[in-house]
There are 2 protein chains.
Amino acid sequence: MNEELIQIGQNAKAAAYKLNLLDTVTKNQILNQFAESLVANTDDILAANQKDVKDANDMPAKFTDRLKLTEQRIKDMATGLQQVAALADPIGNIDKGWTNDAGLLIEKRRVPLGVVAMIFEARPNVTVDASALTFKSGNAVILRGGKEALNSNLALANVLRGVLKKNGLDENAIQILHDTSHATANDLMHLNQYVDVLIPRGGAGLINAVVKNSTVPVIETGAGNCHIYVDKDAEEQMAIDIIVNAKVQRPSVCNAAEKLLIHQDVADQMLPAIAQALADHGVELRGDDRSRAIVPSIKPATDEDWSTEYNDLIMAIKVVDDEQAAIDHINTYSTGHSEVIISDNYQSGQAFLTQIDSACVYVNASTRFTDGFEFGFGAEIGISTQKLHARGPMGLTELTTTKYVIRGNGQVRK
Amino acid sequence: MNEELIQIGQNAKAAAYKLNLLDTVTKNQILNQFAESLVANTDDILAANQKDVKDANDMPAKFTDRLKLTEQRIKDMATGLQQVAALADPIGNIDKGWTNDAGLLIEKRRVPLGVVAMIFEARPNVTVDASALTFKSGNAVILRGGKEALNSNLALANVLRGVLKKNGLDENAIQILHDTSHATANDLMHLNQYVDVLIPRGGAGLINAVVKNSTVPVIETGAGNCHIYVDKDAEEQMAIDIIVNAKVQRPSVCNAAEKLLIHQDVADQMLPAIAQALADHGVELRGDDRSRAIVPSIKPATDEDWSTEYNDLIMAIKVVDDEQAAIDHINTYSTGHSEVIISDNYQSGQAFLTQIDSACVYVNASTRFTDGFEFGFGAEIGISTQKLHARGPMGLTELTTTKYVIRGNGQVRK
């Protein structure tokens, strides 16, 4: 184990201990100062970012677009920080409280997790976003971003740490790993003594690697092989509107729809119009034999398609015998993110809502609503596709745990 | 990966899917039939258990006592099953519900975790207990008990599976691993595709091995290096009563107190009486130099003592300068289970409750109350000492997760 990393872990633990004692007013003042200070240091941040962008000039445009900062993007980060300052603070909330038979006053109270580590790709905005959400929820954070964004991440974190220091707070509440090697990332996944939870943010490869290797508890986020099932009692225009929105509004994100299942009774009628609407938006269609018999322009799908998250303008289509076949297909191939039924039939809707085993299950709405902001949380640290701790969009509350606070007057157990 | 284990995982997943659809009345009827059937099959169960006990005749009495079943113990298991039947069913509860800005009706609804695996030691009662709690909460269970209890576990599970079968339900809702090798246990820890959560129950060695090896999400339970801090404003008699209860009522369990910290201002006055009361109950005392200067019969403690969970009639004692020293000591050495301050000072109590980072933090009560039954949950699957998902005593609700159920009328994201 890397000695420097152990020191970082110890620093984070010590900082977390003090963060737990900050009141909300103080935390909000700091968050607003973070915002001001980022804007005031725009030039330094852009200079650091330009080094990263220059070094990454061989990478695809999609990659450098995420990496690149501009004056406007820094302003947007500042606005994001102010929004986090305006959110309600979950710390200290009492989820439940009661008196037990022995007369103990028991409260289940929200407290910070402690030390949160994040492993993410070369997206400098995550540095600011994750720092803001972990700070507001009273947690120390250890950030390990993609190596291509290291200069940008350090510049951003230095600004935030400067604000902490100026206010007499422990700047180790926010730490960036300078060492972006795989070996050190792997060590971070085994830093159980100091890290309470590890949240990977990025593509399926990154997330799987963390899940497979980490002994620190992980919150799995983001993989979204989302399905839309068009039932026999679907309204055609509603189906078209939802499918197009879910597929094309932002195809690169995890809550975009990737698969379309359609009931055989309505496939002849609806599939041509749906396929046309998708094609009009530049979507490549792949399908099973039955869908291709109806719309010959659909390319053949392979077995691999059913479990693939394209993150692109591609959609695979399958004609199913009935709702049960749709449910079984989804529960087999889905990543457990978001699934939709389009139906005006009460029983079909209920069966789908009950039997689909995913974080978010919809009747008659777009998968694109699976989002912390759309849900009204005012923030999003990620979308959990696991069942432990948090499932679905995660806001500030999901960055907390609880402890039982118990007041007695001398009770002993009989 | 063991082929047979993959089959077990697939069976469990299929059974879980069907369990999710059972209503509470049906589940309760089955639980009551479990109880009746256990009693009716007492002879077969005892015969199987006698084989296990005979094979374990070289083991210490403590071990065989836990392993041995009697007619009365089977009756107690049956009563336990009836109690689980009488508990409220958490499935379907709505934790929160609201309408978002787009008009979507969003519910956060309690659903089963799916497949729960448990690895535990040679205690046949865990087979029945865990089967009851997972069944009531709609989960399939895979049980891997200590090899010394295999015949007993199989006999018990066969009775429960027989009841499931007789009622036309999937008997794979309850499965026992016949293969109790370490290799297969290790494979179970990597069965991510089929197992949603793994709960180890047993000693520190077992739990640490699971935490270190498992890629399936784990709920860490049970390690309890619990502390009692006697503040300068403690009432002496209350301190004695609580310390004695916490230490001696049941020393082998995780919520027994292991360490005593005492404020230097009251140590001269109170420590002799406390030490005497503990010695009267046969407790071996180990302490730092300051405690030994006050009570010379206290044996010297080593550094290792401060982090050791004795699970025995032993207690280590340390005189501290002030409350902050006590808090720092506890946050350094505690396993995060249960800690107590004995004090009539408001500020001392508040500081302790706020700053101690453990699942259960008490003022003026015994650590022995950290228990699902004492908390009023009516059940206990274990006591979580981790921060993710569940912390403290876990009842039925902690064996569930949530999913977002969302009803729209054609909403698309703008």
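Residues numbered from 1 in each chain as written. Chains lettered and ligands numbered in written order. Predicted model: local features only at pLDDT ≥ 70, side-chain atom pairs only at ≥ 80, totals over all residues. Heavy atoms only, no water.

Residues and elements named next belong to chain B. Two numbers describe how helix 2 (residues 24-40) lies on helix 7 (residues 150-166): the axes approach to 9 Å, and their chain directions differ by 130°. When the axes of helix 2 and helix 7 are compared, the pair comes out oblique. The way helix 2 lies across helix 7 gives a crossing that is right-handed. Residues Ile30, Gln33, Phe34, Ser37 and Leu38 of helix 2 form the contact with helix 7, whose own contacting residues are Leu156, Val159, Leu160, Val163, Leu164 and Lys166. (Axes fitted to C-alpha atoms, helices over the stretch in contact; angles between N-to-C directions. Helix = DSSP H or I, 4+ residues; strand = E, 2+ residues; numbered from the N terminus. Parallel < 35°, antiparallel > 145°, perpendicular 65-115°, else oblique. Left-handed = near helix turned anticlockwise from the far one by under 90°. Contact = heavy atoms within 4.5 Å.)

Moving on, we come to the UniProt feature "domain: Aldehyde dehydrogenase" (unreviewed entry) in chain A. With numbering aligned to this structure, UniProt lists the feature "domain: Aldehyde dehydrogenase" (unreviewed entry) at residues 7-284 of chain A. A helix fraction of 52% and a strand fraction of 17% characterise residues 7-284 of chain A, whose end C-alpha atoms lie 50 Å from each other. (UniProt positions renumbered as here; feature names shortened; annotations may be inferred.)

Expressed as a screw operation, the relation of chain A to chain B combines 0.0 Å of axial shift with a rotation of 180°, fitting to an RMSD of 0.0 Å. Expressed as an axis order, the relation between the two copies is that of a two-fold axis. Closest approach to the rotation axis within chain A is made by the C-alpha atom of His389 of chain A, at a distance of 1.7 Å. Looking at the interface residues of chain A, 100% of them are also at the interface in chain B, so both copies use one shared face. (Least-squares fit on C-alpha atoms with pLDDT ≥ 70 in both.)

On the surface, a cluster of positive charge is contributed by Lys62, Arg66, Arg123 and Arg250 of chain A. By the secondary structure assignment, Arg250 of chain A is in the loop between helix 10 (236-248) and strand 8 (257-263). (Patch = residues over 30% accessible without salt bridge, like charges linked within 9 Å, V, L, I, M, F, W, Y side chains within 5 Å. Areas by Shrake-Rupley, 256 points an atom, 1.4 Å probe, with all protein chains shown as cover. Salt bridge = Lys/Arg side-chain N within 4 Å of Asp/Glu carboxyl O. Lys, Arg positive; Asp, Glu negative; His and termini not counted. Charge placed at Lys NZ, Arg CZ, Asp CG, Glu CD.)

Residue and element names in this part refer to chain A. According to the stated counting rule, one finds 2 cavities of 30 Å³ or more in the structure shown. Of the pockets and cavities examined, the largest cavity occupies roughly 60 Å³. Residue composition of the lining of the largest cavity, grouped by class: 4 nonpolar, 3 polar and 2 charged. Space inside the second largest cavity adds up to approximately 50 Å³. Taken together, Asn2, Glu4, Leu5, Ile8, Leu177, His178, Asp179 and Thr184 make up the full set of residues lining the second largest cavity. A total of 3 residues in the lining of the second largest cavity trace back to one element, the largest contributor, which is helix 1 (residues 3-19). Per-class residue counts for the lining of the second largest cavity are 3 nonpolar, 3 polar and 2 charged. (1 Å grid on protein atoms, 1.4 Å probe; cavity = no way out; pocket = protein on both sides within 12 Å on 5 of 7 lines; lining within 4 Å. Points joined across faces, edges and corners; volume = space filled by probe spheres on them. Nonpolar A, V, L, I, M, F, W, Y, C, P; charged D, E, K, R; others polar.)

With that settled, the discussion passes to the side chain of Thr42 of chain B. Residue and element names in this part refer to chain B. Along the chain, the position of Thr42 falls in helix 3 (residues 42-55). At a separation of 2.6 Å, a polar atom in the side chain of Thr42 contacts the main-chain carbonyl oxygen of Val39. In contact with Thr42, other than residues within four places in its own chain, are Glu71 and Ile74. (Polar contact = N/O pair within 3.5 Å; in protein donor to acceptor, adjacent residues only side chain to side chain.)

This paragraph deals with the pattern of salt bridges. Throughout the structure, instances matching the rule amount to 44 salt bridges over all chains. Across the pair Asp196 of chain A and Lys387 of chain B runs a salt bridge, and its minimum N-O distance is 3.5 Å. One end of the pair, Asp196 of chain A, is in the loop between helix 8 (182-188) and strand 6 (197-201); the other, Lys387 of chain B, is in the loop between strand 14 (382-384) and strand 15 (392-394), on a second chain. Judged on exposure class, the residue Asp196 of chain A and its partner Lys387 of chain B are both buried. Three or more residues joined by partner-sharing salt bridges are found here, namely Lys13 and Asp196 of chain A together with Asp357, Lys387 and Arg391 of chain B. (Buried < 20%, exposed > 50% of the residue type's maximum accessible area, 1.4 Å probe, protein only.)

A full pass over the atoms with the stated rule returns 14 aromatic pairs over all chains. Consider the rings of Tyr229 of chain A and Phe352 of chain A, whose centres lie 6.3 Å apart with planes at 20°: the pair is stacked. One end of the pair, Tyr229 of chain A, is in strand 7 (residues 226-230); the other, Phe352 of chain A, is in helix 14 (residues 346-355), with 123 residues separating them in the sequence. Of the two residues examined, Tyr229 of chain A and Phe352 of chain A, each falls in the buried class. On the basis of an interplanar angle of 70° and a centroid distance of 6.2 Å, the ring pair of Phe375 of chain A and Trp98 of chain B is categorised as edge-to-face. Of the two residues, Phe375 of chain A is situated in the loop between strand 13 (360-365) and strand 14 (382-384) and Trp98 of chain B in strand 1 (residues 94-99); the pairing between them involves two chains. (Phe/Tyr/Trp six-rings, centres within 6.5 Å; stacked < 30°, edge-to-face > 60°.)

On to helix 3 (residues 42-55) of chain A. Residue and element names in this part refer to chain A. Look at helix 3: 20 Å from first C-alpha to last across 14 residues, which is about the 20 Å you get at 1.5 Å a residue. When helix 3 is considered as a whole, its buried residues turn out to be Thr42, Ile45, Leu46, Ala48, Asn49, Asp52 and Val53. Burial along helix 3 is one-sided: seen end-on, the buried residues are contained in an arc of 165°. More than 90 degrees from the buried face of helix 3, the exposed residues found are Asp43, Asp44, Lys54 and Asp55. Where helix 3 is buried, its residues touch helix 2 (24-40), helix 4 (61-67), helix 5 (71-86), helix 6 (124-136) and helix 7 (150-166). (Expected span 1.5 Å × (residues − 1). Arc of directions from axis to C-beta.)

A common measure of how large an interface is: the accessible area buried when the components associate. All names here are of chain A. Taken domain by domain, chain A comprises domain 1 (3-220 + 389-407) and domain 2 (226-369). Summarising the inter-unit geometry, the C-alpha centres of domain 1 and domain 2 are found 35 Å apart. At the interface, 4 residues of domain 1 touch 5 residues of domain 2. Summing the contributions of domain 1 and of domain 2, the shared interface buries around 360 Å²; its carbon and sulfur component is 45%. One can count 1 salt bridge joining domain 1 with domain 2. The partner of Arg391 in a salt bridge is Asp357, and the shortest N-O contact between them spans 3.0 Å. At the junction of domain 1 and domain 2, the tally comes to 1 residue pair in polar contact (both at pLDDT 80 or more). Residue composition of the side of domain 1 that touches domain 2, by class: 1 nonpolar, 1 polar and 2 charged. (Domains from an automatic or database assignment. Buried area = accessible area lost by both parts, 1.4 Å probe.)

Take the interface of chain A and chain B next. Facing 73 residues of chain A, the contacting portion of chain B comprises 73 residues. Of the roughly 5,900 Å² buried between chain A and chain B, counting both surfaces, carbon and sulfur atoms make up 52%. Ranking the residues of chain A by area buried against chain B places Leu388, Tyr404 and Arg413 of chain A at the top, with a combined share of 14%. Between the two partners, chain A and chain B, sit 8 salt bridges. For Asp371 of chain B, the salt bridge identified is with Arg413 of chain A, shortest N-O distance 3.8 Å. Our enumeration of links across chain A and chain B arrives at 51 residue pairs in polar contact (both at pLDDT 80 or more). Going through the elements one at a time, strand 2 (105-112), helix 9 (204-213), helix 10, helix 13 (323-333), helix 14, strand 13, strand 15 (392-394) and strand 16 (400-411) of chain A are the ones with two or more residues in the side of chain A that touches chain B. With 11 residues, the top contributor of residues to the side of chain A that touches chain B is strand 16 of chain A. When the residues that make up the side of chain A that touches chain B are grouped by side-chain class, the tally is 33 nonpolar, 25 polar and 15 charged. Relative to strand 16 (residues 400-411) of chain B, strand 13 of chain A runs parallel, the two being bridged by 5 bridges. Considered in strand 16 of chain B, the bridge of Cys360 of chain A is made with Tyr404 of chain B. (Pairing = 2+ DSSP bridges.)

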